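The chain contents come next:
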Amino acid sequence: MTATQEPTRQAEIGRDRRRKEDQRLITGRTRWTDNITLPGMLHLAMVRSPYAHARITGIETSAAKASTNVVAVLTGADLGEGQGACINAWPVTTDQVTPAHLPMPTDRVAFAGETVAVVVARSAAEARDAAELVEVDYEELPAALDLKEAAAAHENGGVIAHPDLGTNVSAVWRFDSAEAGTGGDVEAAITEARAGGILIEREYRQQRLIPAFMEPRSVVVDPTGEQITVWSATQIPHILRFALAATTGVPESKIRVIAPDVGGGFGGKLQQTPEEMIAFAVARRLGKPVKFTETRSESLLTAHHGRDQWQRLTLAATSDGRVTGLKVDLLADLGAYVAIVGGGVPVLGAFMFNAIYKFPAYQFQTTNVLTNKTWTDAYRGAGRPEATYAIERLMDELAAEVGVDPLEIREKNWITHEEFPFTTVAGLEYDSGNYEAATARAKEMFGYDALRAEQAERRAAGDRVQLGLGVSTFTEMCGLAPSRVLGSLNYGAGGWEHAEVRMLATGKVEVITGASAHGQGHETAFSQIVADRLGVPFEDVEVLHGDTQISHKGLDTYGSRSLVVGGEALVRAVDKVIEKARPIAAHLLEASADDLEFKHGQFSVKGTDAAMAITEIATAVFAAHNLPDGVEPSIDSEATYDPVNFNYPHGTHLCAVEVDTETGQIKLRKYVCCDDIGVVINPLIVAGQVHGGLVQGIAQALWEEAVYDENGTLVSGSFVDYLLPTAADTISFEIDHTTSPATTNSLGTKGVGEAGTIASTPAVVNAVVDAVRHLGVNDITMPCTPERVWRAINDGSSGGETPEAAMPHFDSAEGDVQ
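So, here's what we can say about the structure.

### What to know about the overall build of the chain
Broken down by element type, the chain carries 23 helices and 28 strands. For 818 residues, the compact-globule estimate of 2.2 N^0.38 gives 28 Å, and the C-alpha radius of gyration of the chain, at 28 Å, lies within 12% of that figure. Projected onto its principal axes, the C-alpha positions of the chain cover 90 × 70 × 50 Å. Relative to its 818 residues, the chain shows a buried fraction of 61%. Of all intrachain contacts in the chain linking residues separated by at least 6 positions in sequence, the fraction that spans at least 24 positions is 79%.

See the structure below:
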């Protein structure tokens, strides 16, 4: 055999590739869960509590049962233990208070929207109609709604969200650098700063947000085969399978979970939902396939929410602005139950409040609090956006106190590129980074100095519309792993990921990954990695995922882990394929394995033109006519990868806004970012991830907020009241990248899925505050609506209060004045 003369092939890694997935998605040839129809399938509708907290005193179902084509009406009492339970996978302390979370409670509801009965009918419309006929008698109870009041309720006789628990405090988790041996005494730093330095104390509000994914949650359960098959719009098919088995008693081998094409998640589908459990229980009880698809209003009301914290912070520094200590005290609203990750979200943030800065001393404490509101859990960034917002706001406050530019104060305190790897005061080791390079590039793109000059001119002229510039220099820990670290934090699962590579006889390649895509572009990026590594055409790689029968092992997708953990597992599986093929190639080429080199998809004998493509070896292995003695007829391989460290992307984001000081209207003028995400596999996918993340982070700064009234009713329960931005509300973003390859994986990659969301919120709020700081404003409560900006300017508050003052009327996301 002689070397094949292959045409020059462009490297796949670093190449703009349109996503393989998009063709079927945009032409309507995909299968969302709600599109799945099975013979004899029944449909479910949930009967939900209108009260935030109430005792169930009776449920009358006879009228609903008598409705046309209704098959059954079931309550929690009817389903009993067969309904299983919703699990918490991360009890953050050994004494965590965790209320029992039945999918359908039998005696008491703990938030408005909780399911109390399920109607089963032959069509979804008939089920919904009959659900309205179910009469539930409630004895309304006082509801714990205000986070601060709920945290102190056990001390002052206030309302308890779950009276049987006697407290609303689920857990108190604390980190102290002096106790951990990672830094000094923060109280000493504060005392010293108070005596002769700078001490900044602030309280910030992280409002409650709703993930608002494009595709509402949906589940189909078919109990009619040898296995119970569950299709679900979920991010976590493998974890869902485990939770179903662990809480219902059905053997895991008898459950198959499939996540078909999933229309977004943002952490909002990182959950074992009550609706999944109810559908599973009803299907088993009736022995028929069932489907439940939530309405948009149900999604906003009952799918878990995100954020919702009060942050009290103290920063100590020398008189010239060098940081000496940071103290963080959080109140985190868990809602009515401790969700699957739930209380761990603020703990993730604990390691990021110090950010890119060299704090000598650090203390963190979170008090996780139960209330009678929808439960909260991970939402894009999960703890990292909250931490980044707080520290980046504080660094701007420090710059103002010292009287220097916000970028100057950051440069004074950040880790320089020569200092990597760097062990932080929180105990993490940052492996690589170059904050100087990312900031320099962002400044260049932004035209920073010219915009500062324009700002000075506007202020000197007393313009009605003022210019504000916002800075956010962030880093994050992502690639949720390694397993030993997660274990030390009492997390219930590992952080590894699994991959398998199958070499088909026809020369094609099948890739199986435990990561489960819901819009990230896994099929494309993973195909590029395999094509480069194996030297096969991109088009010849097929990526399979999201089905526990095909991908038997995996920990799914969240926390920007798919590429840095799942991608590395894939690389290791590919390398095993090559090494298994080597002795076979040597045998077929009649050469020593030591004399072979593998390049561009073929083995060649050094110094000769003898060569054989790995696809030819796959065919030879399939035939198995001429293999070395003792070698099995397979070069298929699999690998499980457990990282030794987290992954640390970083970047500099700069935002310019114009603020009308008479109306509070905010106009985005310019936004640039330069992120360091290591080696980029597909720039086109990265751009999409960054753009989407930016919009979500900007939306928290300016528009989005989940609001409850005094009765615990969600008043922002539709897109009329929960303000999602459209393309018309945003501007074009300018993005670029610097590259400091990660040292913790062979590809040198870092996570990107959450970067834009983490960095953009403080960049925008810093810009808004910067525009009006000279008017005496140093904070504006998010979202920075025109009304709140106007109030901050006119009464010196953060804009969150409602003083008796006349003001304009506003009616749009952009703050147009009527």
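Let us keep going from here.
### Overview of the environment of Met41
Positionally, Met41 belongs in the loop between helix H1 (22–26) and strand E1 (42–48). In this structure, the C-alpha to C-alpha distance between Met41 and Asn682, residues 641 residues apart in sequence, is 41 Å. Setting aside residues no more than four positions away along its own chain, Met41 makes contact with Ile36, Arg122, Val220, Pro289, Val290 and Lys291.

### Observations regarding the sheet that holds strand E27 (residues 666–676)
Either a parallel or an antiparallel arrangement is found when strands of a sheet pair, and the pairing is made through backbone hydrogen bonds. Read across the open sheet, the 4 strands follow the order E18-E26-E27-E28; overall the sheet is mixed. Only two strands of the sheet have a single partner each, and these edge strands are strand E18 (465–475) and strand E28 (734–738). Put simply, the sheet's adjacent strands are angled 15 degrees from each other on average, direction ignored. Packed on one face of the sheet, helix H16 (residues 448–461) meets E18, strand E26 (650–660) and E27 and runs near 145 degrees to E18.

### Concerning the packing of helix H21 (residues 683–702) against helix H22 (residues 755–772)
The contact between H21 and H22 brings their axes to 7 Å, and the two run at 40 degrees. In terms of axis orientation, H21 runs oblique to H22. Both H21 and H22 take part in a crossing whose hand is right-handed. Residue-level contacts link Val690, Gly693, Leu694, Gln696, Gly697, Ile698, Gln700, Ala701 and Leu702 of H21 to Gly756, Thr757, Ser760, Thr761, Val764, Val765 and Val768 of H22.

### Details of the nonpolar core
Leu315, Phe353, Tyr362 and Leu702 are the most contacted members of the largest nonpolar core, which has 99 residues in total. Those residues in contact with Phe353 that lie beyond four places of it in its chain are Gln311, Leu313, Leu326, Val328, Leu330, Tyr362, Phe364, Glu386, Ala387, Ala390 and Ile391.

### As for the side chain of Gln83
Residue placement: Gln83 occurs in the loop between helix H3 (76–79) and strand E4 (108–109). Using a relative accessible area of 1% as the deciding quantity, one classes Gln83 as buried. Looking at Gln83, its side chain comes within polar contact range of the main-chain nitrogen of Met104, at 2.7 Å. With residues near it in sequence (within four places) discarded, Gln83 still touches Gly76, Leu102, Pro103, Met104, Met277 and Ala281.

### A short note on the environment of Leu668
Mapped onto the fold, Leu668 is located in strand E27. For Leu668, a relative accessible area of 9% gives the class buried. Between the alpha carbons of Leu668 and Phe603 there is a distance of 55 Å; along the sequence they are 65 residues apart. Once you skip the residues sitting within four places of it in the chain, Leu668 turns out to touch Cys655, Ala656, Val657, Ile698, Leu702, Asp729, Thr730 and Ile731.

### Structural notes on the state of the cysteines
Taken as a whole and assessed by the stated rule, the structure comprises 0 disulfides. Sulfur of Cys655: no disulfide; nearest cysteine sulfur belongs to Cys784 and is 11 Å away. With a relative accessible area of 0%, Cys655 lands in the buried category.

About the thresholds
- Residues numbered from 1 in each chain as written.
- Predicted model: local features only at pLDDT ≥ 70, side-chain atom pairs only at ≥ 80, totals over all residues.
- Heavy atoms only, no water.
- Helix = DSSP H or I, 4+ residues; strand = E, 2+ residues; numbered from the N terminus.
- Rg over C-alpha atoms; globule rule 2.2 N^0.38 Å.
- Buried < 20%, exposed > 50% of the residue type's maximum accessible area, 1.4 Å probe, protein only.
- Contact = heavy atoms within 4.5 Å.
- Pairing = 2+ DSSP bridges.
- Axes fitted to C-alpha atoms, helices over the stretch in contact; angles between N-to-C directions.
- Parallel < 35°, antiparallel > 145°, perpendicular 65-115°, else oblique.
- Left-handed = near helix turned anticlockwise from the far one by under 90°.
- Core = buried A, V, L, I, M, F, W, Y, C linked by side-chain atoms within 4.5 Å.
- Polar contact = N/O pair within 3.5 Å; in protein donor to acceptor, adjacent residues only side chain to side chain.
- Disulfide = S-S within 2.5 Å.

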